[in-house]
Amino acid sequence: KGIRLYQNLLSFHRNDVDPTAFLDAELSRLQFVYNSSVGEEKRDRYEAALKRFADQHAKHELSALARARWAQLLVDQQDMITAREIAQQGKNAFPKSVGGIECSNIISSIEQPSVSLQTERVWSDPLPAIRVTYRNITKLHFRVVRVDWLSRFSRDRWNPSQFNEMDRKELANQPRVAEWTTDLPATEDYREASLDVPAPKGLPAGYYIVLASIKPSFGEENNQVFACDAWVSKLALVVRQTWSQNKPLSGFVLDNRTGEPIVGARVKTISRDYRTERVIEGSSVTTDANGQCVIPVSQLSGFLVVSHNDQMIATQNEYVSRE
(Lines give C-alpha, C1' and ligand atoms only; values in the text may rest on other atoms or scores of the structure.)
Protein backbone atom coordinates (compact mmCIF):
# COMPACT_ATOMS: atom_id res chain seq x y z
CA LYS A 1 0.00 0.00 0.00
CA GLY A 2 2.84 2.39 0.83
CA ILE A 3 4.55 1.74 -2.50
CA ARG A 4 1.30 2.36 -4.38
CA LEU A 5 0.90 5.68 -2.60
CA TYR A 6 4.39 6.70 -3.67
CA GLN A 7 3.71 5.56 -7.23
CA ASN A 8 0.56 7.68 -7.34
CA LEU A 9 2.43 10.66 -5.91
CA LEU A 10 5.20 10.30 -8.48
CA SER A 11 2.67 9.99 -11.32
CA PHE A 12 0.93 13.15 -10.11
CA HIS A 13 4.17 15.19 -10.16
CA ARG A 14 5.85 13.58 -13.15
CA ASN A 15 5.07 16.42 -15.57
CA ASP A 16 5.61 19.32 -13.15
CA VAL A 17 7.54 22.26 -14.58
CA ASP A 18 9.52 22.40 -11.34
CA PRO A 19 10.82 18.86 -10.66
CA THR A 20 11.42 19.47 -6.93
CA ALA A 21 8.23 17.77 -5.68
CA PHE A 22 8.82 14.76 -7.95
CA LEU A 23 12.45 14.37 -6.86
CA ASP A 24 11.57 14.80 -3.21
CA ALA A 25 8.94 12.06 -3.50
CA GLU A 26 11.44 9.79 -5.27
CA LEU A 27 14.02 10.24 -2.49
CA SER A 28 11.34 9.55 0.12
CA ARG A 29 10.29 6.42 -1.78
CA LEU A 30 13.86 5.10 -1.83
CA GLN A 31 14.21 5.66 1.91
CA PHE A 32 10.81 4.06 2.62
CA VAL A 33 11.67 0.94 0.63
CA TYR A 34 15.09 0.66 2.29
CA ASN A 35 13.60 0.94 5.79
CA SER A 36 10.77 -1.50 4.99
CA SER A 37 12.65 -4.18 3.08
CA VAL A 38 14.78 -7.11 4.20
CA GLY A 39 17.58 -9.07 2.59
CA GLU A 40 21.34 -9.06 2.31
CA GLU A 41 21.39 -6.89 -0.83
CA LYS A 42 19.14 -4.08 0.36
CA ARG A 43 21.97 -1.80 1.54
CA ASP A 44 23.93 -2.20 -1.72
CA ARG A 45 20.80 -1.56 -3.80
CA TYR A 46 19.90 1.53 -1.76
CA GLU A 47 23.45 2.88 -2.11
CA ALA A 48 23.37 2.30 -5.89
CA ALA A 49 19.98 4.04 -6.15
CA LEU A 50 21.23 7.07 -4.19
CA LYS A 51 24.36 7.29 -6.35
CA ARG A 52 22.26 7.08 -9.51
CA PHE A 53 19.91 9.79 -8.20
CA ALA A 54 22.80 12.09 -7.25
CA ASP A 55 24.50 11.66 -10.64
CA GLN A 56 21.35 12.06 -12.74
CA HIS A 57 20.13 15.15 -10.86
CA ALA A 58 23.49 16.71 -10.04
CA LYS A 59 22.23 20.18 -11.00
CA HIS A 60 19.35 20.05 -8.51
CA GLU A 61 19.87 20.80 -4.83
CA LEU A 62 18.19 17.53 -3.78
CA SER A 63 21.25 15.72 -5.13
CA ALA A 64 23.02 17.00 -2.01
CA LEU A 65 20.39 15.31 0.16
CA ALA A 66 20.93 12.07 -1.74
CA ARG A 67 24.67 12.39 -1.15
CA ALA A 68 24.08 13.03 2.55
CA ARG A 69 22.07 9.80 2.88
CA TRP A 70 24.64 7.96 0.79
CA ALA A 71 27.45 9.26 2.98
CA GLN A 72 25.58 8.23 6.14
CA LEU A 73 25.29 4.69 4.78
CA LEU A 74 29.06 4.61 4.39
CA VAL A 75 29.58 6.02 7.88
CA ASP A 76 27.48 3.17 9.23
CA GLN A 77 29.85 0.81 7.39
CA GLN A 78 32.88 2.60 8.89
CA ASP A 79 34.07 3.76 5.44
CA MET A 80 34.81 7.26 6.71
CA ILE A 81 37.15 8.35 3.91
CA THR A 82 34.65 7.72 1.10
CA ALA A 83 31.77 9.06 3.20
CA ARG A 84 33.64 12.32 3.75
CA GLU A 85 34.42 12.66 0.03
CA ILE A 86 30.77 12.18 -0.96
CA ALA A 87 29.52 14.54 1.75
CA GLN A 88 32.08 17.13 0.64
CA GLN A 89 30.69 16.96 -2.91
CA GLY A 90 27.16 17.61 -1.65
CA LYS A 91 28.30 20.44 0.58
CA ASN A 92 30.31 22.13 -2.18
CA ALA A 93 27.49 21.86 -4.73
CA PHE A 94 24.63 23.24 -2.58
CA PRO A 95 26.02 24.45 0.74
CA LYS A 96 22.85 26.26 1.90
CA SER A 97 20.37 23.52 1.00
CA VAL A 98 18.98 21.01 3.48
CA GLY A 99 21.15 18.32 1.95
CA GLY A 100 24.21 20.56 1.93
CA ILE A 101 23.74 21.31 5.63
CA GLU A 102 23.33 17.59 6.38
CA CYS A 103 26.52 16.89 4.41
CA SER A 104 28.32 19.54 6.44
CA ASN A 105 27.10 17.95 9.68
CA ILE A 106 28.31 14.52 8.53
CA ILE A 107 31.76 15.95 7.73
CA SER A 108 31.92 17.59 11.15
CA SER A 109 30.93 14.31 12.78
CA ILE A 110 33.61 12.40 10.87
CA GLU A 111 36.29 14.96 11.72
CA GLN A 112 35.20 15.40 15.36
CA PRO A 113 37.92 14.43 17.86
CA SER A 114 36.81 11.80 20.36
CA VAL A 115 38.46 10.10 23.33
CA SER A 116 37.42 7.58 25.97
CA LEU A 117 39.45 6.19 28.88
CA GLN A 118 39.33 2.81 30.55
CA THR A 119 41.50 1.33 33.25
CA GLU A 120 41.49 -1.27 35.98
CA ARG A 121 39.36 -0.38 38.97
CA VAL A 122 42.28 -1.02 41.36
CA TRP A 123 45.94 -0.26 40.63
CA SER A 124 48.60 -2.44 42.19
CA ASP A 125 51.89 -4.05 41.17
CA PRO A 126 52.22 -4.82 38.35
CA LEU A 127 50.57 -1.56 37.30
CA PRO A 128 47.85 -1.81 34.63
CA ALA A 129 47.52 0.37 31.55
CA ILE A 130 45.12 3.19 30.75
CA ARG A 131 43.32 2.18 27.56
CA VAL A 132 42.81 5.24 25.33
CA THR A 133 40.28 4.89 22.51
CA TYR A 134 40.49 7.90 20.22
CA ARG A 135 40.27 9.36 16.75
CA ASN A 136 41.28 12.58 15.00
CA ILE A 137 43.88 13.61 17.59
CA THR A 138 47.64 13.00 17.75
CA LYS A 139 48.44 14.13 21.30
CA LEU A 140 46.73 13.71 24.67
CA HIS A 141 47.57 15.52 27.92
CA PHE A 142 47.09 13.69 31.23
CA ARG A 143 46.68 14.79 34.82
CA VAL A 144 46.10 12.63 37.90
CA VAL A 145 44.25 14.16 40.86
CA ARG A 146 43.90 12.66 44.32
CA VAL A 147 40.38 13.03 45.70
CA ASP A 148 38.49 12.14 48.85
CA TRP A 149 36.07 9.42 47.69
CA LEU A 150 33.28 10.53 50.04
CA SER A 151 33.46 14.08 48.71
CA ARG A 152 32.40 12.78 45.30
CA PHE A 153 28.80 12.42 46.50
CA SER A 154 26.70 15.46 45.57
CA ARG A 155 23.14 16.44 44.72
CA ASP A 156 23.51 15.62 41.01
CA ARG A 157 26.02 12.74 41.35
CA TRP A 158 24.86 9.61 43.14
CA ASN A 159 27.87 7.57 42.10
CA PRO A 160 31.44 8.85 42.66
CA SER A 161 32.42 7.38 39.27
CA GLN A 162 30.07 9.70 37.37
CA PHE A 163 31.56 12.75 35.63
CA ASN A 164 29.95 15.73 33.94
CA GLU A 165 31.52 18.61 32.02
CA MET A 166 31.57 21.05 34.95
CA ASP A 167 32.91 18.34 37.23
CA ARG A 168 35.82 17.58 34.90
CA LYS A 169 36.74 21.28 34.67
CA GLU A 170 36.75 21.65 38.45
CA LEU A 171 38.91 18.55 38.86
CA ALA A 172 41.38 19.88 36.29
CA ASN A 173 42.01 22.91 38.51
CA GLN A 174 42.87 20.84 41.58
CA PRO A 175 46.48 20.02 42.52
CA ARG A 176 47.76 17.08 40.48
CA VAL A 177 50.05 14.35 41.66
CA ALA A 178 51.18 13.39 38.16
CA GLU A 179 50.99 14.82 34.64
CA TRP A 180 52.39 13.88 31.25
CA THR A 181 51.73 14.04 27.51
CA THR A 182 51.37 11.08 25.16
CA ASP A 183 51.72 11.09 21.37
CA LEU A 184 49.07 9.10 19.52
CA PRO A 185 49.42 7.56 16.05
CA ALA A 186 47.30 9.53 13.56
CA THR A 187 43.92 8.05 12.57
CA GLU A 188 44.10 8.92 8.88
CA ASP A 189 41.04 6.80 8.12
CA TYR A 190 38.95 8.78 10.68
CA ARG A 191 38.20 5.54 12.54
CA GLU A 192 38.75 4.83 16.22
CA ALA A 193 42.06 3.39 17.36
CA SER A 194 43.29 2.25 20.77
CA LEU A 195 46.54 2.73 22.64
CA ASP A 196 47.56 1.47 26.08
CA VAL A 197 49.25 4.18 28.15
CA PRO A 198 51.20 3.04 31.24
CA ALA A 199 49.76 4.13 34.58
CA PRO A 200 52.02 6.47 36.57
CA LYS A 201 54.33 4.87 39.13
CA GLY A 202 54.86 5.75 42.77
CA LEU A 203 51.36 6.92 43.75
CA PRO A 204 50.57 6.35 47.45
CA ALA A 205 47.45 4.43 48.42
CA GLY A 206 44.25 6.36 47.80
CA TYR A 207 41.48 7.27 45.37
CA TYR A 208 42.50 9.01 42.13
CA ILE A 209 40.88 10.49 39.04
CA VAL A 210 42.71 10.38 35.71
CA LEU A 211 41.98 13.34 33.43
CA ALA A 212 42.87 13.57 29.75
CA SER A 213 42.64 16.73 27.66
CA ILE A 214 42.92 17.31 23.95
CA LYS A 215 44.53 20.71 24.57
CA PRO A 216 47.48 21.43 26.92
CA SER A 217 45.43 23.92 28.94
CA PHE A 218 42.64 21.84 30.45
CA GLY A 219 40.42 24.87 31.00
CA GLU A 220 40.77 26.21 27.46
CA GLU A 221 37.58 26.99 25.53
CA ASN A 222 36.38 24.51 22.89
CA ASN A 223 38.34 21.80 24.65
CA GLN A 224 37.30 18.30 25.69
CA VAL A 225 38.34 16.74 28.99
CA PHE A 226 37.81 13.06 29.75
CA ALA A 227 38.00 11.18 33.05
CA CYS A 228 38.13 7.78 34.72
CA ASP A 229 38.80 6.79 38.32
CA ALA A 230 40.96 4.20 40.09
CA TRP A 231 42.03 3.11 43.54
CA VAL A 232 45.71 2.60 44.34
CA SER A 233 45.49 -0.20 46.88
CA LYS A 234 46.76 -3.65 47.86
CA LEU A 235 43.22 -4.76 48.74
CA ALA A 236 40.74 -6.81 46.76
CA LEU A 237 37.12 -7.61 47.61
CA VAL A 238 35.56 -10.79 46.21
CA VAL A 239 31.80 -10.85 46.79
CA ARG A 240 29.65 -13.96 46.87
CA GLN A 241 26.51 -13.05 44.98
CA THR A 242 23.25 -14.49 46.27
CA TRP A 243 19.86 -13.97 44.69
CA SER A 244 17.80 -15.37 47.56
CA GLN A 245 15.76 -13.10 49.77
CA ASN A 246 16.71 -12.46 53.40
CA LYS A 247 20.25 -13.68 52.82
CA PRO A 248 23.32 -11.80 54.09
CA LEU A 249 26.07 -10.83 51.66
CA SER A 250 29.40 -12.55 52.19
CA GLY A 251 32.78 -11.95 50.64
CA PHE A 252 36.52 -12.09 51.10
CA VAL A 253 39.09 -9.33 51.49
CA LEU A 254 42.40 -10.41 49.95
CA ASP A 255 45.83 -9.08 49.12
CA ASN A 256 45.44 -8.43 45.39
CA ARG A 257 49.09 -9.24 44.74
CA THR A 258 49.35 -12.60 46.53
CA GLY A 259 45.73 -13.70 47.04
CA GLU A 260 46.37 -14.12 50.77
CA PRO A 261 43.44 -13.28 53.09
CA ILE A 262 43.48 -9.97 54.96
CA VAL A 263 42.59 -10.49 58.62
CA GLY A 264 40.91 -7.67 60.53
CA ALA A 265 39.88 -5.56 57.53
CA ARG A 266 36.82 -3.39 58.09
CA VAL A 267 33.91 -3.55 55.63
CA LYS A 268 30.99 -1.14 55.80
CA THR A 269 28.31 0.34 53.57
CA ILE A 270 27.98 3.93 52.39
CA SER A 271 24.56 5.00 51.12
CA ARG A 272 22.47 8.08 50.38
CA ASP A 273 19.15 9.05 51.93
CA TYR A 274 17.12 9.99 48.84
CA ARG A 275 14.88 12.30 50.88
CA THR A 276 17.50 14.27 52.80
CA GLU A 277 20.44 13.59 50.40
CA ARG A 278 22.53 12.82 53.47
CA VAL A 279 25.43 10.35 53.26
CA ILE A 280 24.86 7.47 55.66
CA GLU A 281 27.68 5.24 56.94
CA GLY A 282 26.55 1.79 58.00
CA SER A 283 27.98 -0.32 60.80
CA SER A 284 31.22 -2.07 59.96
CA VAL A 285 32.04 -5.76 60.08
CA THR A 286 35.52 -7.25 60.43
CA THR A 287 37.08 -10.03 58.36
CA ASP A 288 37.94 -13.27 60.13
CA ALA A 289 41.06 -15.46 59.87
CA ASN A 290 40.05 -16.45 56.32
CA GLY A 291 39.53 -12.85 55.25
CA GLN A 292 35.79 -13.48 55.13
CA CYS A 293 33.16 -10.91 56.00
CA VAL A 294 29.38 -11.27 56.32
CA ILE A 295 27.13 -8.23 55.98
CA PRO A 296 23.67 -8.69 57.54
CA VAL A 297 20.60 -8.02 55.41
CA SER A 298 19.64 -5.10 57.67
CA GLN A 299 22.90 -3.31 56.80
CA LEU A 300 23.07 -4.21 53.11
CA SER A 301 22.31 -0.95 51.30
CA GLY A 302 24.85 1.07 49.34
CA PHE A 303 28.49 0.90 48.27
CA LEU A 304 30.85 -1.44 50.09
CA VAL A 305 33.94 0.25 51.53
CA VAL A 306 36.93 -1.81 52.67
CA SER A 307 39.78 -0.44 54.80
CA HIS A 308 42.84 -1.96 56.42
CA ASN A 309 45.72 0.06 57.87
CA ASP A 310 46.44 2.75 55.22
CA GLN A 311 44.72 0.85 52.40
CA MET A 312 41.16 1.40 51.16
CA ILE A 313 38.87 0.49 48.24
CA ALA A 314 35.17 0.91 47.45
CA THR A 315 32.90 -0.94 45.06
CA GLN A 316 31.84 0.76 41.85
CA ASN A 317 28.20 -0.29 42.27
CA GLU A 318 25.72 -0.41 45.12
CA TYR A 319 24.44 -3.56 46.83
CA VAL A 320 20.86 -3.68 48.06
CA SER A 321 19.20 -6.40 50.12
CA ARG A 322 16.18 -8.33 48.83
CA GLU A 323 14.08 -8.51 51.96
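Definitions and cut-offs
- Residues numbered from 1 in each chain as written.
- Predicted model: local features only at pLDDT ≥ 70, side-chain atom pairs only at ≥ 80, totals over all residues.
- Heavy atoms only, no water.
- Helix = DSSP H or I, 4+ residues; strand = E, 2+ residues; numbered from the N terminus.
- Rg over C-alpha atoms; globule rule 2.2 N^0.38 Å.
- Buried < 20%, exposed > 50% of the residue type's maximum accessible area, 1.4 Å probe, protein only.
- Lys, Arg positive; Asp, Glu negative; His and termini not counted.
- Charge placed at Lys NZ, Arg CZ, Asp CG, Glu CD.
- pLDDT = per-residue confidence, 0-100.
- Polar contact = N/O pair within 3.5 Å; in protein donor to acceptor, adjacent residues only side chain to side chain.
- Pairing = 2+ DSSP bridges.
- Axes fitted to C-alpha atoms, helices over the stretch in contact; angles between N-to-C directions.
- Parallel < 35°, antiparallel > 145°, perpendicular 65-115°, else oblique.
- Left-handed = near helix turned anticlockwise from the far one by under 90°.
- Contact = heavy atoms within 4.5 Å.
- Nonpolar A, V, L, I, M, F, W, Y, C, P; charged D, E, K, R; others polar.

K.L.:
A description of the overall build of the chain should follow, citing residues and the corresponding values.
P.N.:
For the chain, the helix and strand inventory stands at seven helices and 17 strands. Against the 2.2 N^0.38 benchmark of 20 Å for 323 residues, the chain shows a C-alpha radius of gyration of 28 Å, more extended than a compact globule. With respect to the three principal axes, the spread of C-alpha positions in the chain is 90 × 50 × 40 Å. A total of 323 residues make up the chain; the buried ones form 42% of that total. Measuring between centres, the 40 positive side-chain charges of the chain sit 2 Å from its 40 negative side-chain charges.

K.L.:
I'd love a proper account of unusual backbone geometry, names of residues and values included.
P.N.:
In this structure, Pro126 follows Asp125 across a cis peptide bond, with omega equal to -10 degrees. Tracing the backbone through its elements, the reader meets Pro126 in the loop between strand 2 (122-123) and strand 3 (129-135). Not every positive phi belongs to a glycine, and Tyr190 is a case in point at roughly 65 degrees. Looking at where Tyr190 falls in the secondary structure, it is placed in the loop between strand 5 (176-183) and strand 6 (193-198).

K.L.:
Could you give an account of the confidence of the model for the chain, with specific residues and numbers?
P.N.:
When pLDDT is averaged along the chain, the result is 92, and 97% of the positions lie at 70 or above. Mean pLDDT values over the elements of the chain span from 80, in strand 17 (residues 319-320), up to 98, in helix 5 (residues 80-93).

K.L.:
Requested: an account of the side chain of Lys268, with residues and values cited.
P.N.:
Position of Lys268 relative to the elements: it lies in strand 11 (residues 266-272). Within the structure, Lys268 has its side chain in polar contact with the side chain of Glu281 (distance 2.6 Å).

K.L.:
I'd like a description of the sheet that holds strand 3, backed by residues and values.
P.N.:
Read from one edge of the open sheet, three strands run 1-3-6, paired in antiparallel fashion. Single-partner strands in this sheet number two, and they are strand 1 (114-119) and strand 6. Sheet twist, expressed as the average angle between the axes of neighbouring strands with direction ignored, equals 25 degrees. Of the pairings in the sheet, the one linking strand 3 to strand 6 comprises six bridges and is antiparallel in character. Directly across from Arg131, in strand 6, lies its bridge partner Asp196.

K.L.:
Would you mind going over the sheet that holds strand 14 (residues 292-295) in detail, with residue names and values included?
P.N.:
On the basis of which strands lie adjacent, the open sheet formed by three strands has the order 9-10-14 and antiparallel pairing. If you trace the sheet from one side to the other, it starts and ends with strand 9 (235-240) and strand 14, each paired once. Across this sheet, the average inter-strand angle for adjacent strands is 30 degrees, counted without regard to direction. As paired elements, strand 9 and strand 10 (residues 249-255) share six bridges and run antiparallel to each other. Bridging across to strand 10, Leu237 finds its partner in Val253.

K.L.:
Report on the packing of helix 1 (residues 2-13) against helix 2 (residues 20-36), specifying residues and quantitative values.
P.N.:
Axis separation between helix 1 and helix 2 bottoms out at 9 Å; the angle between their running directions is 165 degrees. Here helix 1 is positioned roughly antiparallel relative to helix 2, judged by the angle of their axes. Our pair here, helix 1 against helix 2, has a crossing hand that is left-handed. Contact residues: helix 1 offers Gly2, Ile3, Tyr6, Leu9, Leu10 and His13, while helix 2 offers Ala21, Phe22, Ala25, Glu26, Ser28, Arg29, Phe32 and Val33. A class-by-class count of the residues in the contact of helix 1 with helix 2 yields nine nonpolar, three polar and two charged.

K.L.:
Which residues make up the environment of Ala129, and what are the values?
P.N.:
Residue position: Ala129 is located in strand 3. When its relative accessible area of 30% is taken as the criterion, Ala129 is described as partly exposed. C-alpha of Ala129 to C-alpha of Pro200: the two residues are 71 residues apart in sequence and 9.1 Å apart in space. Not counting chain neighbours up to four residues away, the residues in contact with Ala129 comprise Gln118, Thr119, Glu120, Asp196, Val197 and Ala199.

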